[in-house]
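Inside the fold
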Amino acid sequence: MRHGRETPEQYRLRRQNQRGGRKIFQKKNVQYDLIATLLESNLSIEDVLVYGRGDWKKFSIFELQQKLNEILSLETDRHLLWNYLKNTGGYAILPIDGKLVTLSRLALERRMGKCPPDKDLAAHDPTCPFKNCINYRHLRWATYSENSLDRFI
Ligand SMILES: [Zn+2]
């Protein structure tokens, strides 16, 4: 429904239902995916730190790598959302040494060491609903089958 067609009462109820929505709805070009995930997961905007708005072209690769290093050195339980550049699946990526690197994998490698031989990929913890979250605390090495089982937990 277009917002202009809502009655004031419908508008009030919609806003009331949007926990944490007030701040983000004030901005234009809001990230509706983020808001939807926050609402579905019963999270508030305070639970996330958002980096970038798909605006990676404004920065040099070097600047983006510096931002990445800063983010990866953080110790926090908040979701660290990399929005500068994502692949079509919605995962955080960045060119490093001429290769497109998946940042969830890089975050785990930096903090926990290389992927063990019996694991396949960097998987998000079932409690983290964000594909582009690069907080190593929300990631772990998993096999493909462990990762697909998580979806049903
Ligand atoms: Zn997370």
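Residues numbered from 1 in each chain as written. Predicted model: local features only at pLDDT ≥ 70, side-chain atom pairs only at ≥ 80, totals over all residues.

Okay, the overall build of the protein chain next. Along its length, the protein chain carries six helices and six strands. Ordered by position from N to C terminus, the α and β elements of the protein chain give α-α-α-β-α-β-β-β-α-β-β-α. Buried positions account for 19% of the 153 residues belonging to the protein chain. Expressed as a percentage of contacts within the protein chain between residues at least 6 apart in sequence, the contacts between residues at least 24 apart total 59%. (Helix = DSSP H or I, 4+ residues; strand = E, 2+ residues; numbered from the N terminus. Buried ≥ 20, exposed ≤ 12 C-beta atoms within 10 Å, placed from the backbone. Contact = placed C-beta atoms within 7 Å.)

A separate point is the confidence of the model for the protein chain. Per-residue pLDDT for the protein chain has a mean of 85; in total, 83% of the residues score no lower than 70. Looking at the elements of the protein chain, mean pLDDT is at its lowest for helix α2 (residues 21-25), recorded as 45, and at its highest for strand β2 (residues 79-82), recorded as 97. (pLDDT = per-residue confidence, 0-100.)

Turning our attention to the pairing of strand β4 (residues 99-102). Where strand β3 (residues 93-96) lies against β4, four bridges are found, and the strand directions are antiparallel. When the sheet's bridge partners are listed, Ile96 is paired in β4 with Lys99. In sequence, β3 turns back onto β4 through a hairpin of two residues, with Asp97 there showing a positive phi of about 50°. (Pairing = 2+ DSSP bridges.)

With that settled, the discussion passes to the pairing of strand β1 (residues 48-51). A regular strand carries its side chains on alternate faces of the sheet. As defined by bridge partners, β1 adjoins β2 across four bridges and the pair is classed as parallel. Across the sheet, the residue bridging to Tyr51 is Trp82, located in β2. Taken together, β1, helix α4 (residues 61-72) and β2 constitute a β-α-β crossover, and its handedness is right-handed. (Right-handed = clockwise from strand over helix to strand, strands pointing away.)

Looking now at the nonpolar core. By size, the foremost hydrophobic cluster in this structure holds 21 residues, and its most contacted members are Trp82, Leu103, Ala107, Leu108, Ile134 and Leu139. Every element with two or more residues in this core is listed here: α4, β2, β3, α5 (103-112), β5 (121-124) and β6 (139-142). Setting aside chain neighbours within four positions, we find Trp82 in contact with Tyr51, Gly52, Ala92, Leu103, Asn132 and Ile134. (Core = buried A, V, L, I, M, F, W, Y, C linked by C-beta atoms within 7 Å.)

Another aspect to go through is unusual backbone geometry. Negative phi characterises most residues that are not glycine, and trans characterises most peptide bonds. For Asn42, which is not glycine, the phi dihedral falls at a positive 55°. In this model, Asp97 sits at a positive phi of 50°, which is unusual for a non-glycine residue.

As for its position among the elements, Tyr144 is in helix α6 (residues 144-150). Residue Tyr144 is classed as exposed on the basis of its C-beta count, with 11 C-beta atoms lying within 10 Å. C-alpha separation for the pair Tyr144 and Leu121, spaced 23 residues apart in sequence, amounts to 7.1 Å. The residues contacting Tyr144, other than those within four sequence positions of it, are Asp120 and Leu121.

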